[in-house]
Amino acid sequence: MKSVLGKFWLACAGAVVLLAVLLSLVRVLLPYADAWREEVEERLGAALGQEVSIGRLAAEWRGLAPQLELEDLRVGSVDGGARFGRAHLEVDVPRSLLNRTLYIRKLTVSGLHLTVVRQADGRIAVAGLGDASRSPESGRLALPAQGRLLAEDAEIRLIDLAVPGEPSDLLFTDVDFE
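Residues numbered from 1 in each chain as written. Predicted model: local features only at pLDDT ≥ 70, side-chain atom pairs only at ≥ 80, totals over all residues. Heavy atoms only, no water.

> Explain the pattern of salt bridges to me, please; I cannot follow it from the model alone.
One pass over the structure, following the stated rule, counts twelve salt bridges. The residue E39 makes a salt bridge to R43 at a minimum N-O spacing of 3.1 Å. With E39 and R43 both in helix α2 (residues 37-48) and four residues apart, the pair spans about one turn of that helix. R56 is the partner of E71 in a salt bridge, and the nearest nitrogen-oxygen pair spans 2.9 Å. Highlighted residues: E71 in strand β2 (residues 65-75) and R56 in strand β1 (residues 52-62), separated in sequence by 15 residues. Through salt bridges with shared partners, a single network forms among D34, R37 and E41. (Salt bridge = Lys/Arg side-chain N within 4 Å of Asp/Glu carboxyl O. Helix = DSSP H or I, 4+ residues; strand = E, 2+ residues; numbered from the N terminus.)

> What am I meant to see in the pairing of strand β5 (residues 113-118) here?
Moving residue by residue along a regular strand, the side chains alternate between the two faces of the sheet. Here β5 runs beside strand β7 (residues 148-160); their pairing, made up of six bridges, is parallel. Residue pairing for β7: R118 is matched across the bridge by D160. In this sheet, strand β6 (residues 124-126) lies alongside β5 in antiparallel orientation, the contact comprising three bridges. Opposite R118, over in β6, you have I124 as the bridge partner. Hairpin connection, β5 to β6: the antiparallel pair is bridged by five residues, and G122 has positive phi, about 95°. (Pairing = 2+ DSSP bridges.)

> Even after reading the chapter, I still don't get the side chain of E69, so can you show me in this structure?
Inspection of the secondary structure assignment puts E69 in strand β2. Engagement of the side chain of E69 in a polar contact is seen with the side chain of R86, the distance being 2.9 Å. In this view, E69 contacts R56, L57, A58, R86, A87 and H88; residues no more than four positions away in its chain are not counted. (Polar contact = N/O pair within 3.5 Å; in protein donor to acceptor, adjacent residues only side chain to side chain. Contact = heavy atoms within 4.5 Å.)

Structure, rendered in structure tokens:
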């Protein structure tokens, strides 16, 4: 019995040391996150089904979780789509490990610029995120339903092509929402 208990405590101590080494390695590598910017662009673009461009990528460890900072983020075409001055992601590590997929606890976007268009047939799409006339799925930005989404200092332009005559064009600035 004493031998089994000794092996158990040795295994626990080994697991704690291994976890500490892995955590230290992650914390050392986080400042070099910008080196993975192109890979992050590709994976994020594939997940969203849109072209993605990131100006700068930074990462750090705060509290119990890594946090990502993306600057000058564009989703969709260069001349349209959604533009973000900054996007800040807080990762929920325990939930991500439990579900074996990335779970975002909180996503804060600042300086969001997008144009929403209501087509003549009533469909709504974000300009630059696909051709809304081709299929109902194009023009949608598919975000997983997880965590909290906050927007600060957003600029949203609404263009209504469904109204007869001159299309209405509304611009909302300094918009914040959660």
